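Each chain, letter by letter, is given below.
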Amino acid sequence: QVQLVESGGGLVQAGGSLRLSCAVSGRIFGNYFGWFRQAPGKEREFVSSFRRSGGDTAYADPVKGRFSISRDSAKNTLYLQMNSLKPEDTAVYYCAAQMYGAPNERYDYWGQGTQVTVSS
């Protein structure tokens, strides 16, 4: 059974930093791990992804230069380092993973989310 559990969210002032963690357990995975977020009244949106083979990363335009995705394979943990946080970053953040053999565009496993609130 694949499980993802996010942690590290909280309340932070604009300009501050947070590091989100995603503890990953399971046995089969596709190529990508990702972070998504959903703000109040908004649809869930892509934030960042990490490709297992090669370590390629990708970021949504609003977070480029501020957020950084990484993985510690020894700890089976995915991270999202968030710097220079803005009120617009306020959302529930979810980590996600793919089933083995899944299309690159599809994420099959999701954590329960962790709340990030950025005050101005």
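Here the structure is shown first, and the text comes after it.
Residues numbered from 1 in each chain as written. Predicted model: local features only at pLDDT ≥ 70, side-chain atom pairs only at ≥ 80, totals over all residues. Heavy atoms only, no water.

S.K.: Looking at this structure, I do not really get the state of the cysteines. What am I missing?
M.R.: Working definition: the covalent bond between the sulfur atoms of two cysteines is a disulfide. Counting across every chain of the model gives 1 disulfide. Disulfide partner of Cys-22: Cys-95, at an S-S distance of 2.0 Å. On the sign convention where negative means left-handed, the S-S torsion of about 60 degrees between Cys-22 and Cys-95 marks this disulfide as right-handed. Placement of Cys-22 in strand β3 (residues 18-25) and of Cys-95 in strand β9 (residues 91-97) is noted, with a sequence separation of 73 residues between them. Since its relative accessible area comes to 0%, Cys-95 is described here as buried. (Disulfide = S-S within 2.5 Å. Helix = DSSP H or I, 4+ residues; strand = E, 2+ residues; numbered from the N terminus. Buried < 20%, exposed > 50% of the residue type's maximum accessible area, 1.4 Å probe, protein only.)

S.K.: Any chance you could explain the nonpolar core here in plain terms?
M.R.: Within soluble globular proteins, side chains that are nonpolar generally end up buried alongside one another. Counting residues in each nonpolar core, the largest one holds 26 residues, and the members touching the most others are Leu-4, Trp-35, Phe-67, Leu-78, Leu-80, Met-82 and Tyr-93. Counting residues per element, the ones that place at least two in this core are β3, β4 (32-38), β5 (45-51), β7 (67-72), β8 (77-82), β9 and β11 (114-119). If sequence neighbours within four positions are ignored, Tyr-93 has contacts with Glu-6, Leu-20, Trp-35, Phe-36, Arg-37, Val-47, Phe-67, Leu-80, Met-82, Gly-113, Thr-114 and Val-116. (Core = buried A, V, L, I, M, F, W, Y, C linked by side-chain atoms within 4.5 Å. Contact = heavy atoms within 4.5 Å.)

S.K.: So what exactly am I meant to see when it comes to the pattern of salt bridges here?
M.R.: Opposite charge on two side chains permits them to pair, given that their charged atoms come into close proximity. Evaluation of the coordinates by the stated rule reveals 5 salt bridges. The partner of Arg-106 in a salt bridge is Asp-108, and the shortest N-O contact between them spans 2.7 Å. Linked by salt bridges that have partners in common, Arg-37, Glu-45, Arg-66 and Asp-89 make up one network. (Salt bridge = Lys/Arg side-chain N within 4 Å of Asp/Glu carboxyl O.)

Functional significance is not addressed by these values, which are geometric in nature.
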